[in-house]
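Structure assessment
One letter stands for each residue in the lines below.
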Amino acid sequence: MTAVLDVSGLKTHFFTHAGVVKAVDGVDFTVQKGEVMGLVGESGSGKSITGFSIIGLIDPPGRIVEGTIRFNGEDIANAPEERLKSVRGNRISMIFQDPMMTLNPVLRIDTQMMEAILAHEAVSKQVAWERCRDALALVGIPSPEERLRAYPHQLSGGMRQRVSIAIAFLNKPDLIIADEPTTALDVTIQAQIIHEAQKLTRQTGTAMIWITHDLAVVAGLADRISVMYAGRIVEQGLTDDIIDRPLHPYTVGLLGSVPTAHKRGERLYQIEGMTPNMLALPEGCAFSPRCAFASAACRIAPPVEHVANRELRCHHPQSQAAAQ
């Protein structure tokens with residue numbers, strides 16, 4: 001089966017006066033039709049830049065310097081802007097962390113949603129309006145006709161994010177990139193939006209990349225998880241395998257820091273140190289300065305290996321298995 005998205009050797013660098021920031025440094029993954037992939041890591045790990053690279057939203061001084069982004073078999077890495085415009089918002093959509101990055105505050109919701117359809121399809125305004133109404137109903141917005149006549153500031157944060165999700169699904173895209181779309185919302189609204197996104201991918205067969213720093217969020221949402229650190233994917237595999245038996249020490253730390261019922265009253269685990277300066281990455285494994293299992297071997301960057309049904313970058317995976 002041909003993957004909807006096949007990213008291979010992707011490198012996106014930013015050329016600054018202080019030096020070269022290797023924000024994405026050799027990333028590989030695939031996403032199949034109807035699959036949800038969780039892209040997880042701390043702030044600054046390169047998750048969002050990976051998403052922006054896929055959709056062609058990298059501005060100078062950044063650029064894709066190497067690798068391929070095959071979307072439905074076509075390499076769109078560094079494709080002409082006209083080609084990217086025909087794909088962006090049509091075949092590939094993006095949901096941003098802040099819905100006001102999607103919504104124009106001075107335009108009504110119906111105007112903005114209809115523009116997203118009319119920019120790519122030659123249909124009547126009435127047909128476009130009806131599709132917008134149905135899309136709002138699909139994401140659980142009550143009285144969709146009334147909401148279409150509203151301005152963004154007249155809606156709550158959760159409602160605005162639902163509108164953003166509805167816009168992302170309007171043209172029935174093959175792929176949606178969700179960049180931490182629930183981070184600023186309370187847990188109840190967060191759960192509702194995650195449920196709506198999961199339901200829509202199952203109904204439409206749309207593939208989705210869900211970018212987040214919270215493994216707990218993707219544990220019940222994603223089919224596969226890719227854990228990213230300092231511009232590289234350090235561990236990826238099926239969600240159940242990653243959650244039940246993490247092998248990379250960074251993944252272990254992320255899971256250990258998640259509050260659970262059986263940890264009540266206990267101090268949460270904390271990964272020592274800080275994320276590295278991307279202008280001065282440590283030699284070898286970028287995580288080694290924060291890793292309790294680091295050794296002299298970690299001075300050499302670990303290659304990608306296939307261990308326990310997953311891809312892993314670590315010199316000591318068996319040590320982590322024994323630590324669980």
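The preceding data block contains the structure.
Residues numbered from 1 in each chain as written. Predicted model: local features only at pLDDT ≥ 70, side-chain atom pairs only at ≥ 80, totals over all residues. Heavy atoms only, no water.

**Notes on the overall build of the protein**
Helix and strand counts for the protein come out as eleven helices and twelve strands. The C-alpha atoms of the protein give 20 Å as radius of gyration, which agrees with the globular expectation for 324 residues (20 Å, within 12%). In terms of principal-axis extent, the alpha carbons of the protein reach across some 65 × 50 × 40 Å. When each of the 324 residues of the protein is scored for burial, the buried share is 50%. (Helix = DSSP H or I, 4+ residues; strand = E, 2+ residues; numbered from the N terminus. Rg over C-alpha atoms; globule rule 2.2 N^0.38 Å. Buried < 20%, exposed > 50% of the residue type's maximum accessible area, 1.4 Å probe, protein only.)

**Considering a nonpolar patch on the surface**
There is a patch of nonpolar side chains on the surface, built from F15, V20 and V65 and spanning about 200 Å² of accessible area. With respect to the helices and strands, F15 occurs in strand β1 (residues 5-16). Given a relative accessible area of 32%, F15 falls into the partly exposed group. (Patch = residues over 30% accessible without salt bridge, like charges linked within 9 Å, V, L, I, M, F, W, Y side chains within 5 Å. Areas by Shrake-Rupley, 256 points an atom, 1.4 Å probe, with all protein chains shown as cover. Salt bridge = Lys/Arg side-chain N within 4 Å of Asp/Glu carboxyl O.)

**Here's the deal with empty space enclosed by the protein**
What the rule picks out here adds up to one cavity of 30 Å³ or more. Approximately 60 Å³ is the volume attributed to the largest cavity. P249, C285, C298, C314 and H315 are, among the eleven residues lining the largest cavity, the residues nearest its centre. Split into classes, the residues belonging to the lining of the largest cavity amount to seven nonpolar, three polar and one charged. (1 Å grid on protein atoms, 1.4 Å probe; cavity = no way out; pocket = protein on both sides within 12 Å on 5 of 7 lines; lining within 4 Å. Points joined across faces, edges and corners; volume = space filled by probe spheres on them. Nonpolar A, V, L, I, M, F, W, Y, C, P; charged D, E, K, R; others polar.)

**Considerations on the pairing of strand β7 (residues 175-179)**
Most of β7 is tucked away: five of the five residues are buried. Neither face of β7 is exposed, since L175, I177 and D179 on one face and I176 and A178 on the opposite face are all buried. In the sheet, strand β6 (residues 92-95) pairs with β7 via four bridges, with the strands oriented parallel. If you follow I95 over to β7, its bridge partner there is A178. Direction of pairing for β7 relative to strand β8 (residues 207-212): parallel, over a ladder of five bridges. Looking at the pairing, D179 lines up with I211 of β8. (Pairing = 2+ DSSP bridges.)

**Examining the environment of S226**
The topology assignment puts S226 in strand β9 (residues 224-229). In this structure S226 comes out as buried when scored by relative accessible area, which is 0%. Between the alpha carbons of S226 and M274 there is a distance of 20 Å; along the sequence they are 48 residues apart. Those residues in contact with S226 that lie beyond four places of it in its chain are M37, G38, L39, V40, I233, E235 and Q236. For S226, the side chain forms a polar contact with the side chain of Q236, separated by 2.8 Å. (Contact = heavy atoms within 4.5 Å. Polar contact = N/O pair within 3.5 Å; in protein donor to acceptor, adjacent residues only side chain to side chain.)

**Regarding the layout of surface pockets**
The space that makes up the largest pocket amounts to roughly 460 Å³. What lines the largest pocket is a set of 18 residues, among which R88, G89, T102, A116 and I167 lie closest to the centre. Sorting the residues of the lining of the largest pocket by element identifies β6, α3 (109-118) and α6 (157-169) as the ones contributing at least two each. Across the lining of the largest pocket, the residue classes tally to eight nonpolar, seven polar and three charged.

**Considering α3**
Taken across its ten residues, α3 has seven buried, putting it largely inside the fold. For α3, the set of buried residues is I109, D110, Q112, M113, M114, A116 and I117. Each element contacted by the buried residues of α3 is listed here: α4 (125-138), α5 (144-148) and α6.

**A few points about the pairing of strand β3 (residues 36-40)**
β3 sits mainly inside the fold: five of its five residues count as buried. Here β3 shows a buried face lined by V36, G38 and V40 and a second buried face lined by M37 and L39. Direction of pairing for β3 relative to β8: parallel, over a ladder of five bridges. Looking at β8, one finds that V36 is bridged to M208.

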